[in-house]
Amino acid sequence: MAQYFSKPKKSLGQHFLWDRNIAKKIIEALQIRSDDVILEIGPGRGILTELLMDYQISFYLGVEIDRNLVALVENRIKEKGLPNFRVLHKDFLDFKVDEIEHISDGKIKVVGNIPYRLTSAILFKILDNRDCFSSCVLMLQKEVVERIVSPPASKNYGILSVLIQLFADVEHLFDVSSNCFVPKPKVESSVIRINFKHNLSYNNKYEPLKSIVKQAFNQRRKKLFNSLFKHYQINPSELDESEVRNFVNLRAEQLSPMQFLEICNYLGSRRIYGSNTSGRS
């Protein structure tokens, strides 16, 4: 593929992977099967896409915001004669996952080199639509990967750590030097694999869990009594009969993901939040 004819756009935060060995490792980590549907976030110049063309897969969709890159990848698809490959000119954050879900029966595998400035927004978009996905292999800023896999009581532990670990198994696969990109970014990157857990008993509690965890970490240096329970207008005396009474003098970073679920269950029993399931976008 003519990978080097599109100049990176600073406004889109583009850093194109050029190292083919790293690209191969990313694709291998997807553990591709012939019935897979692959969704690529930002194909860019197509270094991952071209490798995917050598696999027998059910369907491929690339979602790319840069019109010039869409044309570049589309031309290669036409050259290869692959009717099951398609590239959509769209911002992934505006993309409706339901557009392809019927093809995959909720078994989409996601791959992509995620723009650093959009990392959190894209990860929350994936989480919000997790029922559509089986797994993701993503290249992210190394600091973000360390945050996602961090255990409680560590400095990197936060909102993404709790939510992703509650709804998925995560694995930090390998690091990627900044020398593997054009232009060279100022930070190091890492590749992570996220395997979503399905049929969880608490799957319909994702939205309240997200609100609770965000509220707790928004004031992460405060004890949960001040950062969380006061927000829900709960006095410590009201917690005497509940296990969550043990959490009031702890900070958000000291709670495990499952302890956040305990708080969510308690608040649900008090009817402080509704039982709405998470919506897709």
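Please refer to the structure higher up on the page.
Predicted model only: the values in this text are computed from it and were never measured. (Residues numbered from 1 in each chain as written. Predicted model: local features only at pLDDT ≥ 70, side-chain atom pairs only at ≥ 80, totals over all residues. Heavy atoms only, no water.)

### Details of the overall build of the chain
Here's step 1: In terms of helices and strands, the chain carries 10 helices and nine strands.
Here's step 2: Taken over the C-alpha trace, the chain has a radius of gyration of 21 Å; the compact-globule value for 281 residues is 19 Å, and the two agree within 12%.
Here's step 3: Structurally, the chain occupies a C-alpha span of about 70 × 40 × 30 Å along its principal axes.
Here's step 4: Buried positions account for 52% of the 281 residues belonging to the chain.
Here's step 5: Summarising the internal contacts of the chain: among those between residues at least 6 apart in sequence, 72% fall at separations of at least 24.
Here's step 6: Counting every atom, the chain has about 13,400 Å² of accessible surface; 45% of that belongs to carbon and sulfur.
Here's step 7: Here the chain holds 40 positive side-chain charges and 32 negative ones, and the gap between their average locations is 5 Å. (Helix = DSSP H or I, 4+ residues; strand = E, 2+ residues; numbered from the N terminus. Rg over C-alpha atoms; globule rule 2.2 N^0.38 Å. Buried < 20%, exposed > 50% of the residue type's maximum accessible area, 1.4 Å probe, protein only. Contact = heavy atoms within 4.5 Å. Areas by Shrake-Rupley, 256 points an atom, 1.4 Å probe, with all protein chains shown as cover. Lys, Arg positive; Asp, Glu negative; His and termini not counted. Charge placed at Lys NZ, Arg CZ, Asp CG, Glu CD.)

### Some words on the sheet that holds strand 9 (residues 189–196)
Here's step 1: A sheet is described by the order of its strands in space; here seven strands give the open sequence 4-3-2-5-6-9-7, paired in mixed fashion. This sheet does not close on itself; its edge strands, each paired only once, are strand 4 (85–89) and strand 7 (168–176). Each strand of the sheet is rotated relative to its neighbour by a mean of 15°, with strand direction disregarded.
Here's step 2: Relative to strand 3 (residues 59–64), strand 2 (residues 37–41) runs parallel, the two being bridged by five bridges. Looking at the pairing, Leu39 lines up with Leu61 of strand 3.
Here's step 3: Set on the sheet, helix 6 (residues 142–149) makes contact with strand 6 (133–141), strand 7 and strand 9; between it and strand 6 the angle comes to about 135°.
Here's step 4: Packing of helix 7 (residues 159–167) onto the sheet brings it into contact with strand 7 and strand 9, and relative to strand 7 it is tilted by some 120°. (Pairing = 2+ DSSP bridges. Axes fitted to C-alpha atoms, helices over the stretch in contact; angles between N-to-C directions.)

### Overview of empty space enclosed by the protein
One simple way to see leftover space: roll a probe sized like a water molecule over the atoms.
Here's step 1: Taken as a whole and judged by the stated rule, the model has one cavity of 30 Å³ or more.
Here's step 2: The computed volume of the largest cavity comes to approximately 30 Å³.
Here's step 3: Every residue along the wall of the largest cavity is listed here: Leu123, Ile126, Leu127, Ile164, Ile194 and Phe196.
Here's step 4: Secondary structure elements with two or more residues in the lining of the largest cavity: helix 5 (119–128) and strand 9. (1 Å grid on protein atoms, 1.4 Å probe; cavity = no way out; pocket = protein on both sides within 12 Å on 5 of 7 lines; lining within 4 Å. Points joined across faces, edges and corners; volume = space filled by probe spheres on them.)

### Focus on the environment of Val63
Here's step 1: With respect to the helices and strands, Val63 occurs in strand 3.
Here's step 2: A sequence separation of 32 residues divides Val63 from Phe95, and the C-alpha atoms of the two residues are 7.9 Å apart.
Here's step 3: What Val63 contacts, discounting residues up to four positions off in sequence, is Leu39, Glu40, Ile41, Gly42, Pro43, Leu88, Lys90, Asp91, Phe92 and Phe95.

### Quick word on the environment of Ile38
Here's step 1: With respect to the helices and strands, the residue Ile38 is situated in strand 2.
Here's step 2: Residue Ile38 is classed as buried on the basis of its relative accessible area, which comes to 0%.
Here's step 3: For Ile38 and Ile114, which are 76 residues apart along the polypeptide, the C-alpha to C-alpha distance reads 16 Å.
Here's step 4: Ignoring sequence-local partners within four residues, the contact set of Ile38 consists of Leu30, Ile32, Leu52, Ile57, Phe59, Tyr60, Leu61, Lys109 and Val111.

### Here's the deal with helix 8 (residues 206–218)
Here's step 1: The first and last C-alpha atoms of helix 8 sit 18 Å apart over 13 residues, in line with the 18 Å expected at 1.5 Å per residue.
Here's step 2: Three or more residues of helix 8 are buried, namely Tyr206, Pro208, Leu209, Lys210, Ile212, Val213, Gln215, Ala216 and Phe217.
Here's step 3: Next to the buried residues of helix 8 lie helix 5, helix 7, helix 9 (224–229) and helix 10 (257–269). (Expected span 1.5 Å × (residues − 1).)

### Describing the layout of surface pockets
Here's step 1: Roughly 150 Å³ of volume is contained in the second largest pocket.
Here's step 2: Every residue lining the second largest pocket is listed: Arg33, Asp35, Asp36, Val37, Ser58, Ile103, Ser104, Asp105, Lys107, Lys109 and Ser134.
Here's step 3: Classifying every residue of the lining of the second largest pocket gives two nonpolar, three polar and six charged. (Nonpolar A, V, L, I, M, F, W, Y, C, P; charged D, E, K, R; others polar.)

### Details of the packing of helix 5 against helix 7
Here's step 1: Where helix 5 contacts helix 7, the two axes come as close as 11 Å, and the packing angle between them is 25°. Overall, the two elements helix 5 and helix 7 adopt an arrangement that is roughly parallel. Viewed along their axes, helix 5 and helix 7 form a crossing whose handedness is left-handed. On helix 7, the residues touching Ser120, Leu123, Phe124 and Leu127 of helix 5 are Ile159, Leu160, Leu163 and Ile164.
Here's step 2: A per-class count over the contact of helix 5 with helix 7 returns seven nonpolar, one polar and no charged. (Parallel < 35°, antiparallel > 145°, perpendicular 65-115°, else oblique. Left-handed = near helix turned anticlockwise from the far one by under 90°.)

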